[in-house]
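So the chains spell out like this:
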Amino acid sequence: MSGDSAHENNYYTIFIMLAVLTAVEVGVPMVITASVPKIAILVTLAVIKAGMVALYFMHLRFEKKTLGIIAILPMIICSFLLFMLMPDSSWRWIG
Amino acid sequence: MSQSATAGHVVENYETPLTPESWGKLGMWIFLAGDAMSFGALLATYGALRFGAVNWPIPVEALGGVGLSAFMTFLLICSSVSMVKSLEAMQNDDRLGCIRWLGLTVLGGVAFLGMQAYEYTHLIHEGMVLAENPFIIDSTGSVVGHWHEGMELAAGQMRASSLFSTTFYMTTGFHGMHVFSGVVYLSIVLIRVIRGNFSADDTNVIEIAGLYWHFVDLVWILVFTFVYLV
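Draft legend 1. Spotlight on the overall build of chain B. Along chain B, the regular secondary structure elements total seven helices and three strands. Along chain B, from the amino end to the carboxyl end, the secondary structure elements read α-α-α-α-α-β-β-β-α-α. Its C-alpha atoms give chain B a radius of gyration of 22 Å, more than 25% over the compact-globule value 17 Å for 230 residues. By its C-alpha atoms, chain B is 75 × 35 × 20 Å across when sized along the principal axes. Within chain B, buried positions represent 42% of all 230 residues. Long-range contacts, defined here as pairs at least 24 residues apart, represent 71% of the contacts in chain B between residues at least 6 apart.

Draft legend 2. Here's a closer look at the sheet that holds strand β2 (residues 143-146) of chain B. Residue and element names in this part refer to chain B. Spatial ordering of the open sheet is given by β2-β1-β3, a layout of three strands whose pairing is antiparallel. Whereas interior strands pair on both sides, the edge strands pair on one side only; in this sheet they are β2 and β3 (158-159). Sheet topology places strand β1 (residues 135-137) next to β2; three bridges connect them, and they run antiparallel. Looking across to β2, one finds that Ile 136 is bridged to Gly 145.

Draft legend 3. Representation of the confidence of the model for chain B within the structure. Mean pLDDT over chain B stands at 92; residues scoring 70 or higher make up 94%. Prediction confidence for the complex, expressed as pTM and ipTM, is 0.90 and 0.89 respectively.

Draft legend 4. View of the nonpolar core. Core analysis: the biggest nonpolar cluster contains 72 residues, and A:Val53, B:Val219, B:Ile221 and B:Leu222 have the highest contact counts within it. Among the elements of the structure, α1 (8-31) and α2 (35-57) of chain A together with α2 (23-52), α4 (67-91), α5 (95-125), β1, α6 (162-194) and α7 (204-229) of chain B are those that each provide at least two residues to this core. Of the residues forming this core, the biggest block, 19 residues, is contributed by α7(B). Apart from residues no more than four positions distant in its own chain, B:Ile221 is found in contact with A:Ala46, A:Lys49, A:Ala50, A:Val53 and B:Thr73.

Draft legend 5. Structural view of the packing of α4(B) against α7(B). All names here are of chain B. The contact between α4 and α7 brings their axes to 10 Å, and the two run at 165°. Judged by the inter-axis angle, α4 sits roughly antiparallel to α7. Like other packed secondary-structure pairs, α4 and α7 cross with a definite hand, here left-handed. Packed against α4, whose contacting residues are Ser 69, Thr 73, Leu 76, Ile 77, Ser 80, Met 83, Val 84, Ser 86, Leu 87 and Met 90, the element α7 presents Ile 206, Glu 207, Gly 210, Trp 213, His 214, Asp 217, Trp 220, Ile 221, Phe 224 and Tyr 228 at the interface.

Draft legend 6. Structural detail: the packing of α2(A) against α7(B). Direction vectors running N to C along α2(A) and α7(B) enclose 175°, while the axes themselves pass 9 Å from each other. Judged on the interaxial angle alone, α7(B) and α2(A) are roughly antiparallel. Here α2(A) contributes A:Leu42, A:Val43, A:Ala46, A:Lys49, A:Ala50, A:Val53, A:Ala54 and A:Phe57 to the contact with α7(B), which in turn contributes B:His214, B:Asp217, B:Leu218, B:Ile221, B:Leu222, B:Thr225 and B:Leu229. By residue class, the composition of the contact of α2(A) with α7(B) is 11 nonpolar, two polar and two charged.

Draft legend 7. Broad picture of the interface of chain A and chain B. Listed per partner, the contact involves 39 residues of chain A and 40 residues of chain B. Of all the secondary structure elements, the ones that give two or more residues to the side of chain A that touches chain B are α1, α2 and α3 (65-89) of chain A. With 14 residues, the single largest contributor to the side of chain A that touches chain B is α3(A). Here the side of chain A that touches chain B is built from residues that sort into 27 nonpolar, four polar and eight charged.

Draft legend 8. Inspection of α4(B) at higher detail. All names here are of chain B. Its 25 residues place the ends of α4 37 Å apart at the C-alpha level, agreeing with the 36 Å of an ideal helix rising 1.5 Å per residue. Summarising burial for α4: 18 of the 25 residues are buried, a large majority. Asp 93 occupies a position one or two residues after α4 and carries a positive phi of about 65°.

Draft legend 9. Looking closely at α3(A). Across its 25 residues, α3(A) extends 37 Å between first and last C-alpha, which sits within 8% of the 36 Å expected from 1.5 Å per residue. At A:Ile72, α3(A) shows its largest bend, some 35°, and a proline, A:Pro74, comes one to four positions later.

Draft legend 10. Structural view of the environment of A:Ile48. All names here are of chain A. Inspection of the secondary structure assignment puts Ile 48 in helix α2. Ile 48 sits in the partly exposed class, given 13 other C-beta atoms within 10 Å. For the pair Ile 48 and Met 17, spaced 31 residues apart in the sequence, the C-alpha separation amounts to 10 Å.

Draft legend 11. Main features of the environment of B:Met177. All names here are of chain B. With respect to the helices, strands and loops of the structure, Met 177 is situated in helix α6. A tally of 11 C-beta atoms within 10 Å means that Met 177 is categorised as exposed. Along the sequence, Met 177 and Phe 39 sit 138 residues apart, while their C-alpha atoms lie 12 Å from each other.

Procedures and definitions
- Residues numbered from 1 in each chain as written.
- Chains lettered and ligands numbered in written order.
- Predicted model: local features only at pLDDT ≥ 70, side-chain atom pairs only at ≥ 80, totals over all residues.
- Helix = DSSP H or I, 4+ residues; strand = E, 2+ residues; numbered from the N terminus.
- Rg over C-alpha atoms; globule rule 2.2 N^0.38 Å.
- Buried ≥ 20, exposed ≤ 12 C-beta atoms within 10 Å, placed from the backbone.
- Contact = placed C-beta atoms within 7 Å.
- Pairing = 2+ DSSP bridges.
- pLDDT = per-residue confidence, 0-100.
- Core = buried A, V, L, I, M, F, W, Y, C linked by C-beta atoms within 7 Å.
- Axes fitted to C-alpha atoms, helices over the stretch in contact; angles between N-to-C directions.
- Parallel < 35°, antiparallel > 145°, perpendicular 65-115°, else oblique.
- Left-handed = near helix turned anticlockwise from the far one by under 90°.
- Nonpolar A, V, L, I, M, F, W, Y, C, P; charged D, E, K, R; others polar.
- Expected span 1.5 Å × (residues − 1).
- Bend = angle between axes of the 7 residues up to and from the residue.

Shown next, in the form of structure tokens:
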């Protein structure tokens, strides 16, 4: 990839951001105990970190846009699966 | 992109419209998409089972803190960086640098597996196995003690769901298997680099191996959050 040498400094920036976000993640449950905001923040942080790995380390950002469709498809299908399972799990909250 | 594309023309007759450098790269992406669905199924099942359970222990308390798993996360992030540096070194025609960084990446993977083995051993000794666990929890999910045969539970206490340990071992075990495969995969690539394969114009194999390794890192970031932290 021709652009790689241009991203040289980027790798360490991404690394530091990932390390800092991991530290923040570890700290979140100690500060926020209410489950809904805690889960929301942790999941958001995890998705940001995963996105950074895919975009910069896996170079997805510098690939053709259509390759992104292959990458994003499993997320859509799995979210769909999760929402299909949820009504079943939520029986305990009703009965 | 242009320099690798030129190299691709030498060995391949038709180029893929998605990844002009090589078909192998597209193949790896499609494999990873399928693999992501396996992990997605495990995590979605975990979410649904946990959401539906009344006796789910708080993971941090049951698993003895997040120190080790947080360090394992950090280790995989480091090994992802050494992987990109290894590819970059080869692209700059620095074979020794490539070997050094790739060797570090493999070491990171081995260290991760060692820590996971340590963690599993520790948990199994505590009585947490695939189909059952010893944790006694109160109504908030806080772990208040360990169960042993013939024990009487105090009011408001209950035994933790056995699904807690099942989902934990299935998800982290499936990921650990991927790390193991990655260590084998990267070791083979490392041997080929040492033998003098690849050059600045021919780095596809290293890049494709890197895609797999970064994916394993990416999945662990999600597993760490869902299984250990939430």
